[in-house]
Amino acid sequence: MWKGKSRVVIPRGTYMLDSVIFRGPCNGPIVFILKGVIKASTDPRMFFIDHWIAFQYIDGLVVKGGGTLDGQGPSGWPYNDCYSNPYCKPLPVSMRFDFVTNSRVHHLRSINSKNSHFNLFACNNMNMSHIQISAPEGSPNTDGIHIGSSTNIRITRSIIGTGDDCISMVSGSQDIDISGVSCGPGHGISIGSLGRSPKEFVMGIKVTNCTFSGTQNGVRVKTWAPSLASVASNFMFQNIFMDNVNNPIIIDQQYCPRPYCKDDDSEVQISNVTFRNIWGSSSSKVAVSLQCSGIVPCQNIKLVNINLSYNGPQGPPSASFCSNVRGQSFGPQIPSSCI
């Protein structure tokens, strides 16, 4: 069998593609070049599967080419009832990476995914750059890049506008570096939600030099309440511009968007989180909201050089709100620090 570099090329043009898996291991590096536009099925019989295009168990994968993934999401979004149906079936992620290592994904466009645009699970040492992601603000669960159980992931120089988190990181995410990302519309860059399963953790997240425009949240850490004991620590959010963001800085340990939640405390321990050089405008009066757990208060939270104004109908100034937070503030603080 061929042991050198192999290529899969999709030339310019428009093509229909059903669900497909490219599964390794392979005898050498694989380059997947997408130059054209590929469209997902609009047949509901093809919807209830966790992937549209999946790469699994590959070392040394490159995906590039400047082409477009069109998930044809409007055909599937009406079938998304997960907020009201605990037994809901998944819709396909446009492009999944499972157990992929030492790889690069760059210069791709993804539009109108039925579920997340990109999903990374159990990946290590992956670089994603020059990614353009687009879906309507109201499209359900269309996270831009969703990461879980993965380490050493870098996401740079990308533009993400979608109906859910621009980037989300759940249990097992470790050593994630995000920089030069423009987010909006969407729900921001989120860690969590955490605490639904035992022994969850997220550690070593760095988000720098990013812009948020008109998003529901900016930088967010969220945990379920009630929840099982988990750990979320060592996060840096730095050099970030907020343009009319509803919740620019938020820790939410009472996260529960569903109507059947119990009124109880989270047991996720959040610690060593720094928000530094974050400026711009908030579309809500409370620009800094740090709502931590009464059982395991947040530890070593730092606010450094924060300048978030509010110009809404209630009038200035902006405000901050803290509960169960242990930390410090340094430098100018607009709004006045609540730590």
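Residues numbered from 1 in each chain as written. Predicted model: local features only at pLDDT ≥ 70, side-chain atom pairs only at ≥ 80, totals over all residues. Heavy atoms only, no water.

**Examining the sheet that holds strand E25 (residues 319–323)**
Item 1. What the 11 strands build is an open sheet, ordered E3-E6-E9-E11-E13-E15-E17-E19-E21-E23-E25; its pairing is parallel. If you trace the sheet from one side to the other, it starts and ends with strand E3 (20–23) and E25, each paired once. Geometrically, the sheet is characterised by an average inter-axis angle of 15° between neighbouring strands, direction not taken into account. (Pairing = 2+ DSSP bridges. Helix = DSSP H or I, 4+ residues; strand = E, 2+ residues; numbered from the N terminus. Axes fitted to C-alpha atoms, helices over the stretch in contact; angles between N-to-C directions.)

**Some details on the side chain of Asp-98**
Item 1. Tracing the sequence through the fold places Asp-98 in strand E9 (residues 93–98).
Item 2. Discounting residues that sit within four places of it in the chain, Asp-98 has contacts with Phe-55, Gln-56, Tyr-57, Phe-121 and Cys-123. (Contact = heavy atoms within 4.5 Å.)

**A word on the domain arrangement of the chain**
Item 1. Entries for the chain in the domain assignment read domain 1 (1–142) and domain 2 (165–338).
Item 2. Of note, the centres of domain 1 and domain 2, computed from C-alpha atoms alone, are 28 Å apart. (Domains from an automatic or database assignment.)

**Quick look at the environment of Phe-97**
Item 1. Along the chain, Phe-97 turns up in strand E9.
Item 2. On the accessibility criterion, Phe-97 (0% relative accessible area) is buried.
Item 3. Linking Phe-97 and Pro-257, residues 160 residues apart in sequence, is a C-alpha distance of 28 Å.
Item 4. In this structure, Phe-97 is in contact with Phe-55, Leu-61, Val-63, Val-105, Phe-118, Asn-119, Leu-120, Phe-121, Cys-123 and Met-126, ignoring residues within four places of it in sequence. (Buried < 20%, exposed > 50% of the residue type's maximum accessible area, 1.4 Å probe, protein only.)

**A word on the pattern of salt bridges**
Item 1. Throughout the structure, instances matching the rule amount to five salt bridges.
Item 2. Salt-bridge contacts for Asp-43 lead to Arg-45; the nearest nitrogen and oxygen are separated by 2.8 Å.
Item 3. In this structure, Lys-222 and Asp-165 form a salt bridge, with 3.9 Å as the shortest nitrogen-oxygen distance. Of the two residues, Lys-222 sits in strand E19 (residues 217–224) while Asp-165 sits in the loop between strand E14 (151–161) and strand E15 (167–169), which places them 57 residues apart along the sequence. The residues Lys-222 and Asp-165 share a single accessibility class, namely buried. (Salt bridge = Lys/Arg side-chain N within 4 Å of Asp/Glu carboxyl O.)

**What about unusual backbone geometry?**
Item 1. That bond from Gly-24 to Pro-25 is cis: its omega, 5°, falls within 30 degrees of zero.
Item 2. Here Pro-25 lies in the loop between E3 and strand E4 (30–34).
Item 3. A cis geometry characterises the amide bond from Gly-184 onward to Pro-185, with omega recorded as 0°.
Item 4. Examined against the element boundaries, Pro-185 turns out to sit in the loop between strand E16 (174–183) and strand E17 (189–194).
Item 5. Residue Tyr-57 is not a glycine yet carries a positive backbone phi of 55°.
Item 6. With respect to the helices and strands, the residue Tyr-57 is situated in the loop between strand E6 (51–56) and strand E7 (61–64).
Item 7. For Ala-122, which is not glycine, the phi torsion reads 55° and is therefore positive.
Item 8. With respect to the secondary-structure elements, Ala-122 resides in the loop between strand E11 (118–121) and strand E12 (124–134).

**Side note on the confidence of the model for the chain**
Item 1. Confidence along the chain averages 95 in pLDDT terms, with 98% of residues attaining 70 or more.
Item 2. Of all the helices and strands in the chain, strand E1 (residues 6–10) carries the lowest mean pLDDT, 94, while strand E8 (residues 68–70) carries the highest, 99. (pLDDT = per-residue confidence, 0-100.)

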